[in-house]
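Architecture at a glance
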Amino acid sequence: MSRPIQIKKHPFPSLLYLEWILLAITALTAVIPPPLQRLRPRFSEISICGVFPDLSVCSILPELSIYSLIIFALMGLRLPNSNRTIKVIYTATEILLILITGLFGERFARLFPFLYIILVTRSCLIFNLPGRLFITSLSFTLFLLTTQLKYQFFNFQASPQAQERFRFLSLNWSLVFGLSLVFVLLMMNAVLSERHSREKLAVANEKLRQYAMRIENQATLEERNRIAREIHDSLGHSLTALNLQLETALKLWEANPSKAEIFLATAKELGSKALKDVRESVSTMRSNPLQEKSLERAIAILSEDFHRSNGILPSYRINLEYSLPPEINTAIYRITQESLTNISKYAYPTEVKLELATTRGHLRLIIQDNGIGFDLGQNTTGFGLHSMRDRTLALGGDFNINSAPGSGCKITVNIPLMRL
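Residues numbered from 1 in each chain as written. Predicted model: local features only at pLDDT ≥ 70, side-chain atom pairs only at ≥ 80, totals over all residues. Heavy atoms only, no water.

1. Quick notes on the sheet that holds strand S3 (residues 362-369)
Whether parallel or antiparallel, the strands of a sheet pair through hydrogen bonds between backbone atoms. Our working rule: Any two strands between which DSSP finds at least two bridges are classified as paired. Helix and strand assignments follow DSSP, with helices taken as H or I runs no shorter than four residues and strands as E runs no shorter than two, numbered in order from the N terminus. Think of each axis as a best-fit line through the C-alpha atoms, taken over the contacting stretch in the case of a helix, with angles from 0 to 180 degrees between the N-to-C directions. For this analysis, residues touch if any pair of their heavy atoms sits within 4.5 Å.
In space, the 5 strands of this open sheet follow the order S1-S2-S3-S5-S4, with mixed pairing throughout. Edge strands, defined here as strands with exactly one partner in the open sheet, are strand S1 (315-319) and strand S4 (398-403). Each neighbouring strand pair of the sheet contributes to a mean axis angle of 10 degrees, computed without reference to strand direction. Summarising the sheet, S1 and strand S2 (residues 352-359) pair through 5 bridges and their orientation is parallel. Looking across to S2, one finds that Ile-318 is bridged to Leu-356. Lying over the sheet, helix H11 (residues 326-347) contacts S2, S3 and strand S5 (409-416), oriented at roughly 10 degrees with respect to S3.

Now the structure itself:
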């Protein structure tokens, strides 16, 4: 049960299976001799014990090479990924096992180049680029040294013609092996870079998702706070005044019924105003205020509602050269709605003008009234003004207010459209 768990910890399980398949195929070809051996001994089958079979250690080294090959294959199950010292010891052990398998195992001498390729592949999963280059260079150097050593052994029992042919084959084989190492190194670097890019992209997507959720929660909280402030300022005030009117009417009902009726009529007006405020708050809480309406039509409806409530029909001029994204449409609608609400409550104007147009890569909204105005130095902390300013800044725009007591108020919003 432990082996599947270890395989899952390998960064590339499919690469581990490929290593085992490669080792199994090459080991099988090493055990089964070829039908024709014109050159004896073959270059790929030369080992120390093959040339000097009378050495005392040669009786145990073949079995040791088999065990070394098995250990080398099993070491691929778990690659070190933390301590640098452990990585160096791990790689040094692999090199030692390769040397034992290639130099002292006569039957497994053909595996010698493939073991170095596997070594380079594993080093790419363990070390950074400098370490990978070092292991690749070291593998090629050791291969050349062992090839030269085999060539010296071969000179003891080969004819001059065979030696010349052996030299030619060893040169070609070294060149092919070097190119193979470079190919493996480049391929692994590309695979690891692509995987690293995917991981960074996944992390970036997760952060973006968290930021989007945070912004959405913040926007929802701000909208709730705005509605709460709106209810407190309008509905709360109306209900408080309504309660006072009813209490006064009850006190005067027996002593002065006619005067009590006046207070009841005032209470009725306050109740109607409170109901209107509730409806406006509920309308504000809709998720999509436009609801398949164009921005022009939505602003026209706001103007009509303002006319019914205040008896003043705002004059508006809209000139949009192209359609706007939903987020900008919603922001413009909310800013216009908030502006008309503030004008209705505090400005007491006789004229309201609204202008919306696209000019030179910008969207400009101007809302102006000739009401009582206010002092900018004393009255810029209202929740409505903050809400309009925050919506504008969220779109990278500019929000400006010009007002003075007795001179009305002018709100100007500029939003860039270059990213459209």
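2. A few points about the confidence of the model for the protein
The cut-off we apply is this: Residue-level confidence of the predictor is summarised by pLDDT, bounded by 0 at the bottom and 100 at the top.
The share of residues in the protein with pLDDT of 70 or more is 74%, and the mean pLDDT across the chain is 77. Per-residue pLDDT stays below 50 along residues 1-8; that stretch engages in 8 contacts with residues further than four places along the chain or on separate chains.

3. Focus on the pattern of salt bridges
This is how the line gets drawn: Should a side-chain nitrogen of Lys or Arg be within 4 Å of a carboxyl oxygen of Asp or Glu, the pair is scored as a salt bridge. Partly exposed describes any residue whose relative accessible area lies between the buried limit of under 20% and the exposed limit of over 50%, with all areas from a 1.4 Å probe on protein chains only and scaled to the type maximum.
As enumerated under the stated definition, the model contains 8 salt bridges in all. Linking Arg-209 and Glu-206 is a salt bridge whose minimum nitrogen-to-oxygen distance equals 2.6 Å. Of this pair, Arg-209 and Glu-206 both sit in helix H8 (residues 160-252), separated by 3 residues, roughly a single helical turn. Arg-209 sits in the partly exposed class, given a relative accessible area of 43%.

4. Here we look at the environment of Leu-417
Locating Leu-417 in the fold gives a position in the segment after S5. Spatially, the C-alpha atoms of Leu-417 and Pro-325 are 9.7 Å apart, while their sequence positions differ by 92 residues. When residues no more than four places from it in sequence are discounted, the contact partners of Leu-417 are Tyr-322, Leu-324, Ile-328, Thr-358, Gly-361, His-362 and Leu-363.

5. Remarks on unusual backbone geometry
Even without being a glycine, Tyr-348 presents a positive backbone phi close to 50 degrees. The class of Tyr-348 is exposed, set by a relative accessible area of 60%.

6. A closer look at helix H10 (residues 295-310)
Rules: Expected helix span is given by 1.5 Å per residue-to-residue step, counting one fewer step than there are residues.
Here H10 is 16 residues long and its end C-alpha atoms lie 22 Å apart, about the 22 Å a rise of 1.5 Å per residue gives. Buried within H10 are the following residues: Leu-295, Ala-298, Ile-299, Ala-300, Leu-302, Ser-303 and Phe-306. The elements touched by buried residues of H10 are S1, H11 and S2. Positioned one or two residues after H10, Gly-311 has a phi angle of 75 degrees, which is positive.

7. Things to note about the packing of H10 against H11
Keep this limit in mind: Should an angle fall under 35 degrees it is called roughly parallel, over 145 degrees roughly antiparallel, and 65 to 115 degrees roughly perpendicular, with every other angle called oblique. Three residue categories are used. Nonpolar comprises Ala, Val, Leu, Ile, Met, Phe, Trp, Tyr, Cys and Pro, charged comprises Asp, Glu, Lys and Arg, and polar comprises the others, including Gly.
Put simply, H10 and H11 touch, their axes get as near as 10 Å, and they point 10 degrees apart. With respect to H11, the axis of H10 lies roughly parallel. Mapping the contact onto sequence places Leu-295, Ala-298, Ile-299, Leu-302, Phe-306 and Asn-310 in H10 and Asn-329, Ile-332, Tyr-333, Thr-336, Gln-337, Leu-340, Ile-343 and Ser-344 in H11. Of the residues that constitute the contact of H10 with H11, the class distribution is 9 nonpolar, 5 polar and no charged.

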